[in-house]
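Examining the three-dimensional arrangement
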Amino acid sequence: MNKKGLSFAEVALFTFIFLNIMTLVHELGHFITLRLFGCDAAMPVVWFYFGATPFECDSAQLSPLQWWIVAYAGALSAGIVSYLLWTRMGKDSIWRLAAIVGFLYGVLPNLVWQIQGTDAYFAVSMGFPPAWATFVMIAAMAFVSYLIYKEVAELE
Ligand SMILES: [Zn+2]
């Protein structure tokens, strides 16, 4: 085991790789739910810190609840994978960096419903109550903060 840890360049490289992997995981959440609800969705594309899932679906084709699920499925899938990496991998595992990248990039920014273009913004535009969107945002932020706090404080 290398106790010196990784260099800045190595962490930068892994962060870049994990950002794109976790973006793909996020987009797959949208892709799978769109397909599940009968929309014509193409495989997600990911390039340089950005991902998108091309799809064709009339807004009337899905119920509001289905649109909310599609909207939040990206953050949810990135969140689940990040959580599993965070809790299952050893403390020194490089995959825990992927978990942090997943939480801080694949989950939390997408839940800020006040910013145009986020998944939560889309959910609210499809009728998801802003109070609920605010709750989801705060709860997710608190949950991730708690996980990180427990580790930083070295608690059990
Ligand atoms: Zn998304």
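Residues numbered from 1 in each chain as written. Predicted model: local features only at pLDDT ≥ 70, side-chain atom pairs only at ≥ 80, totals over all residues.

**Some points on the overall build of the protein chain**
Scanning the protein chain from terminus to terminus reveals five helices and four strands. Ordered by position from N to C terminus, the α and β elements of the protein chain give α-β-β-β-β-α-α-α-α. What you see for the protein chain is a C-alpha radius of gyration of 17 Å, in line with the 15 Å of a compact globule of 156 residues. If one aligns the C-alpha atoms of the protein chain with their principal axes, the spans along those axes are about 55 × 30 × 25 Å. When each of the 156 residues of the protein chain is scored for burial, the buried share is 32%. In the protein chain, the share of contacts with a sequence separation of at least 24, taken over all contacts with a separation of at least 6, comes to 59%. (Helix = DSSP H or I, 4+ residues; strand = E, 2+ residues; numbered from the N terminus. Rg over C-alpha atoms; globule rule 2.2 N^0.38 Å. Buried ≥ 20, exposed ≤ 12 C-beta atoms within 10 Å, placed from the backbone. Contact = placed C-beta atoms within 7 Å.)

**A look at the packing of helix 1 (residues 8-36) against helix 2 (residues 64-88)**
Contact geometry of helix 1 with helix 2 gives a least axis separation of 7 Å together with a crossing angle of 140 degrees. The pairing of helix 1 with helix 2 is recorded here as oblique in orientation. Handedness of the crossing formed by helix 1 with helix 2: right-handed. Here helix 1 contributes Met-22, Val-25, His-26, Glu-27, Leu-28, Gly-29, His-30, Ile-32, Thr-33 and Leu-34 to the contact with helix 2, which in turn contributes Ile-69, Val-70, Ala-73, Gly-74, Ala-75, Leu-76, Ser-77, Ala-78 and Val-81. Per-class residue counts for the contact of helix 1 with helix 2 are twelve nonpolar, six polar and one charged. (Axes fitted to C-alpha atoms, helices over the stretch in contact; angles between N-to-C directions. Parallel < 35°, antiparallel > 145°, perpendicular 65-115°, else oblique. Left-handed = near helix turned anticlockwise from the far one by under 90°. Nonpolar A, V, L, I, M, F, W, Y, C, P; charged D, E, K, R; others polar.)

**Quick notes on the environment of Trp-47**
Looking at where Trp-47 falls in the secondary structure, it is placed in strand 2 (residues 45-47). Of the residues examined, Trp-47 has 9 C-beta atoms within 10 Å and is grouped as exposed.

**Here's the deal with the packing of helix 2 against helix 3 (residues 95-107)**
One can describe the packing of helix 2 onto helix 3 by two numbers: an axis separation of 8 Å at closest approach and a directional angle of 155 degrees. For the element pair helix 2 / helix 3, the angle class is roughly antiparallel. Where helix 2 crosses over helix 3, the handedness of that crossing is left-handed. In this structure, helix 2 uses Ala-75, Ala-78, Gly-79, Val-81, Ser-82, Leu-85 and Trp-86 to contact helix 3, whose residues at the interface are Trp-95, Arg-96, Ala-98, Ala-99, Gly-102, Phe-103, Gly-106 and Val-107.

**Thoughts on the environment of Ile-115**
Within the secondary structure layout, Ile-115 lies in the loop between helix 3 and helix 4 (119-125). Looking at Ile-115, the number of C-beta atoms within 10 Å reads 11, which means it is exposed.

**Looking at helix 2**
When the terminal C-alpha atoms of helix 2 are compared, their 35 Å separation across 25 residues agrees well with the 36 Å that a helix rising 1.5 Å per residue should span. Within helix 2, the axis deviates most sharply at Ala-73, by approximately 40 degrees. (Expected span 1.5 Å × (residues − 1). Bend = angle between axes of the 7 residues up to and from the residue.)

**Topic: helix 5 (residues 130-152)**
Over its 23 residues, helix 5 runs 32 Å from end to end, which matches the ideal 33 Å to within 8%, given 1.5 Å per residue. With its phi angle positive at about 55 degrees, Glu-154 sits one or two positions after the end of helix 5.

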